[in-house]
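Breakdown of the fold
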Amino acid sequence: MSFSTLVSDLTYRDSTHSPRPSAPSHTASTNTARSHLSRAQSSYASTAATSVSISGSISSQLHGGYSHPLARQWQAERQLTKSMLIYPLFITDNPDECTPIPSLPGQKRLGINKLIPLLTPLIAKGLKSVILFGVPLAPTAKDALGTAADDPLGPVIAGLRLLRRAFPQLFLVADVCLCEYTSHGHCGILHDDGSLNNTLSVDRISDVALAYAEAGAHCVAPSDMNDGRIRAIKLKLIESGIAHRVVLMSYSAKFSGCLYGPFRDAAGSVPSFGDRRCYQLPPGGRGLARRAIRRDIEEGADIIMVKPASQYLDIISDAKDIGKDLPVAAYQVSGEYAMIHAAAKAGVFDLKTMAFESTEGILRAGASIVVSYFTPEFLEWLDT
Ligand SMILES: NCc1[nH]cc(CCC(=O)O)c1CC(=O)O
Ligand SMILES: [Zn+2]
Ligand SMILES: [Zn+2]
């Protein structure tokens with residue numbers, strides 16, 4: 001048998017993967033494939049040869065199990081649904097603001113007056129949840145303690161109150177951190193030497209989380225990475241009598257790196273000195289991530305988050321393994337979103353195909369919640 005006959009045989013069998021109106025009948029195609037195979041046995045790889053001999057193993061024949069599009073969908077343990085998605089919103093202190101964020105195509109910084117018009121059509125398409133980030137623009141809004149984070153008139157608390165009233169079914173997550181509100185741009189309160197004062201930071205962060213929960217957040221999600229903040233927040237929620245109605249989602253495995261760049265542009269939260277490497281995890285630190293996940297579960301987290309997502313699929317898998325009894329969330333961060341957009345624009349791949357592929361990887365690794373800037377697109381795409 002010539003090589004070209006073998007190739008044409010393989011090509012022929014490949015073409016049967018997608019059903020076509022002109023495809024030969026099942027019996028005919030099976031017979032043809034068999035006779036080609038028996039002629040090819042001498043030169044074919046041994047696995048192919050044994051797969052058709054009755055005495056050999058037949059488990060090497062996989063294609064039949066996913067030749068139909070529906071059978072391919074069934075291969076996934078989890079398929080993306082609208083209820084898995086959380087959409088990030090950047091809310092400013094200027095009520096009428098509506099400014100595109102250049103590094104995050106399609107995303108905007110919004111004033112409080114723009115929230116209802118943005119969300120009404122998305123909710124009609126099946127949006128179930130948003131995560132709120134405050135972006136104070138007024139230069140006076142920032143100080144060393146991040147006082148504006150829980151300003152009752154500030155963008156997050158005002159946004160929570162408004163959205164709770166306007167959309168009672170919408171699940172509201174509040175990101176909890178100080179970096180958008182501190183003059184130095186770090187995620188807590190600092191010692192004189194510029195390092196994080198963990199004790200003061202945890203006390204402050206847990207006060208802010210409580211204020212968001214009291215303003216109507218269904219879920220508070222501390223992203224600051226101070227040690228012990230999950231326990232402190234849980235205790236304050238319990239003391240205030242609202243722990244039974246608030247989900248505590250910990251950004252347990254949040255890695256440092258350059259993938260948060262577009263977010264920091266959007267939120268104006270670039271640190272004024274230094275970086276976040278002494279509190280966000282080192283990118284190679286799988287063991288640290290596992291310790292942080294175990295610790296946060298022990299301290300009372302209800303959901304574990306891994307962030308970024310696509311470069312940390314092993315960590316998502318670890319989180320699911322360690323936290324068998326908790327949902328795992330993954331944050332496909334600003335840099336991941338911007339990279340996919342940039343590559344699609346450069347013609348490297350199709351945007352929608354890549355958005356789905358990246359999300360499939362994240363779900364396959366073990367996440368069942370995805371924070372994604374693609375949410376509005378997915379609400380469309382999942383309908384078609
Ligand atoms: N601590 C605040 C926070 N919460 C979520 C993100 C990143 C989200 C993104 O990049 O999309 C950040 C930025 C950071 O840690 O610098
Ligand atoms: Zn922060
Ligand atoms: Zn306090």
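Structure's up top.
What counts, and where the lines are drawn
Residues numbered from 1 in each chain as written. Chains lettered and ligands numbered in written order. Predicted model: local features only at pLDDT ≥ 70, side-chain atom pairs only at ≥ 80, totals over all residues. Axes fitted to C-alpha atoms, helices over the stretch in contact; angles between N-to-C directions. Helix = DSSP H or I, 4+ residues; strand = E, 2+ residues; numbered from the N terminus. Left-handed = near helix turned anticlockwise from the far one by under 90°. Contact = placed C-beta atoms within 7 Å. Nonpolar A, V, L, I, M, F, W, Y, C, P; charged D, E, K, R; others polar. Near = placed C-beta within 6 Å. Buried ≥ 20, exposed ≤ 12 C-beta atoms within 10 Å, placed from the backbone. Pairing = 2+ DSSP bridges.

It is worth spelling out the packing of helix H10 (residues 286-299) against helix H11 (residues 313-322) at this point. Between two packed helices, the angle of one axis relative to the other and the distance separating the axes together describe the packing. Contact pair H10 / H11: the axes reach a minimum separation of 10 Å and the direction vectors enclose 35°. Note on packing geometry: the crossing formed by H10 with H11 is right-handed. Along its contact with H10, which presents Arg-286, Ala-289, Arg-290, Ile-293 and Arg-294, the element H11 presents Asp-314, Ile-315, Asp-318, Ala-319 and Ile-322. For the contact of H10 with H11, the residue count by class is 5 nonpolar, no polar and 5 charged.

As a matter of local geometry, ligand 1 sits amid Asp-175, Cys-177, Cys-179, Cys-187, Ser-223, Tyr-260, Phe-263, Arg-264, Ser-269, Val-333 and Ser-334. Here the residues of the shell around ligand 1 are counted per class, giving 6 nonpolar, 3 polar and 2 charged.

Turning next to the pairing of strand E1 (residues 85-92). Taking burial as the measure, the 8 residues of E1 include 8 buried ones, the bulk of the element. Residues Leu-85, Tyr-87, Leu-89 and Ile-91 of E1 are buried on one face, and the alternating residues Ile-86, Pro-88, Phe-90 and Thr-92, pointing to the opposite face, are buried as well. With 2 bridges connecting them, E1 and strand E10 (residues 369-372) associate as parallel partners. Looking across to E10, one finds that Ile-86 is bridged to Val-371. Of the pairings in the sheet, the one linking E1 to strand E4 (residues 129-135) comprises 6 bridges and is parallel in character. Its bridge partner being in E4, Leu-89 is matched across the sheet by Leu-132. Bridge count between E1 and strand E3 (residues 108-110): 2 bridges; the pairing is parallel.

Geometry only, nothing functional implied.
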